[in-house]
Amino acid sequence: PHDAEHAQGNSTTEAAFQHATAALARFQDVAVAQTEGYAHYDGRDTFMMGEHWVNRQILRSGQCELTQPAFLQYLLIDSKRTLIGVGYVCGADTHHTPAPLLFGTDVPWHTHGPAFCARAQGGGLDMQAWAEALPNALTPLTWQDLCQQWGGQPIQWGVTMLHTWNWIPQPQGAFVHENPAIPFL
């Protein structure tokens, strides 16, 4: 793991981060990730986030546990798939551990939804901005109409999400949505 300051010196946050990093180190071996139900699905990779390996059972369950994230994030570094971070996805009605308390109260979780467009090709799209903008004076279309025009199925599913950068430096800290250091690794 990297030695950067992770969360404004908060000892509770740092202890939870170190515990998660140690517990999740087993996923540095991609075969272990696959055995535990993680798979790489095309369409979820982004420029400043790496490959998203998803455990759909955890994702659908809404469970939010420090040592069982819904996503593992890998990056090819020197032709080797390298674990760089994880993504926690917590349903709005998660009762086990409220999302903001996994790493303390000073960690910047973000939300997606509750308007989603489930597409067979390319994964889901967060349609919340469309839901807030449609219909309007220019069009009677709703976000659901737009989703269906794009070949998707509209669903209501709000989640709270956090990315952690456990194994590579992140210039703005370990708990930031995207990592601008990725293109330079």
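Conventions and cut-offs
Residues numbered from 1 in each chain as written. Predicted model: local features only at pLDDT ≥ 70, side-chain atom pairs only at ≥ 80, totals over all residues. Heavy atoms only, no water. Pairing = 2+ DSSP bridges. Helix = DSSP H or I, 4+ residues; strand = E, 2+ residues; numbered from the N terminus. Core = buried A, V, L, I, M, F, W, Y, C linked by side-chain atoms within 4.5 Å. Buried < 20%, exposed > 50% of the residue type's maximum accessible area, 1.4 Å probe, protein only. Contact = heavy atoms within 4.5 Å. Disulfide = S-S within 2.5 Å. Salt bridge = Lys/Arg side-chain N within 4 Å of Asp/Glu carboxyl O. Polar contact = N/O pair within 3.5 Å; in protein donor to acceptor, adjacent residues only side chain to side chain.

Examining the sheet that holds strand β4 (residues 80-91)
No. 1: Pairing within the open sheet is antiparallel, and its 6 strands lie in the order β1-β2-β3-β4-β9-β5. Strands at the two margins of the open sheet, each flanked by one partner only, are β1 (39-40) and β5 (110-112).
No. 2: Examined bridge by bridge, strand β3 (residues 71-77) and β4 share 7 bridges and lie antiparallel to one another. Considered in β4, the bridge of Leu 72 is made with Val 86.

Digging into the nonpolar core
No. 1: Counting residues in hydrophobic clusters, the biggest one holds 34 residues, and the most contacted among them are Phe 27, Leu 72, Tyr 74, Tyr 88, Phe 103 and Trp 109.
No. 2: Within the residue set of this core, elements represented by two or more residues are α1 (11-24), α2 (30-35), β2 (51-54), α3 (56-61), β3, β4 and β9 (159-164).
No. 3: Broken down by element, this core gets its largest block of residues, 5 residues, from β4.
No. 4: Contact partners of Tyr 74, with chain neighbours within four places excluded, come to Phe 27, Asp 29, Val 30, Ala 33, Gly 50, Glu 51, Trp 53, Arg 81, Thr 82, Leu 83 and Ile 84.
No. 5: Grouped together as the second largest cluster of nonpolar side chains are 7 residues, Ala 115, Cys 117, Trp 143 and Leu 146 included.

Digging into the state of the cysteines
No. 1: This structure, assessed with the given rule, holds 2 disulfides.
No. 2: Disulfide pairing places Cys 64 opposite Cys 90 at an S-S distance of 1.9 Å. Its torsion about the S-S bond being 40°, the disulfide of Cys 64 and Cys 90 is classed as right-handed. Of the two residues, Cys 64 sits in the loop between α3 and β3 while Cys 90 sits in strand β4, which places them 26 residues apart along the sequence.
No. 3: The class for Cys 64 is buried, based on a relative accessible area of 1%.
No. 4: Assessed through its relative accessible area of 1%, Cys 90 is described here as buried.
No. 5: Two residues, Cys 117 and Cys 147, share a disulfide whose sulfurs are 2.1 Å apart. Here the S-S torsion is close to 85°, and the disulfide linking Cys 117 with Cys 147 is therefore right-handed.

Overview of the pattern of salt bridges
No. 1: Tallied over the entire structure, the rule returns 2 salt bridges.
No. 2: Taking the shortest distance from any N to any O, the salt bridge between Arg 26 and Glu 36 comes out at 2.9 Å. Residue Arg 26 is located in the loop between α1 and α2, and its partner Glu 36 is located in the loop between α2 and β1; the two are separated by 10 residues in the primary sequence.
No. 3: Residue classification places Arg 26 among the partly exposed residues on the basis of a relative accessible area of 32%.
No. 4: Note on Glu 36: relative accessible area 35%, which makes it partly exposed.
No. 5: Among the ionic pairs, Glu 51 bridges to Arg 81, the shortest N-O distance being 2.6 Å. Of the two residues, Glu 51 is situated in strand β2 and Arg 81 in strand β4; the sequence distance between them amounts to 30 residues.

Examining the side chain of His 163
No. 1: Here His 163 is to be found in strand β9.
No. 2: Relative accessible area serves as the criterion here: at 1%, His 163 is assigned to the buried category.
No. 3: Within the structure, the side chain of His 163 is placed 2.8 Å from the side chain of Gln 73, a separation counted as a polar contact.
No. 4: Beyond its immediate chain neighbours, meaning those up to four positions away, His 163 contacts Met 49, His 52, Gln 73, Val 86, Gly 87, His 110, Ala 174, Phe 175, Val 176 and His 177.

Coordinates in, geometry out; function isn't part of it.
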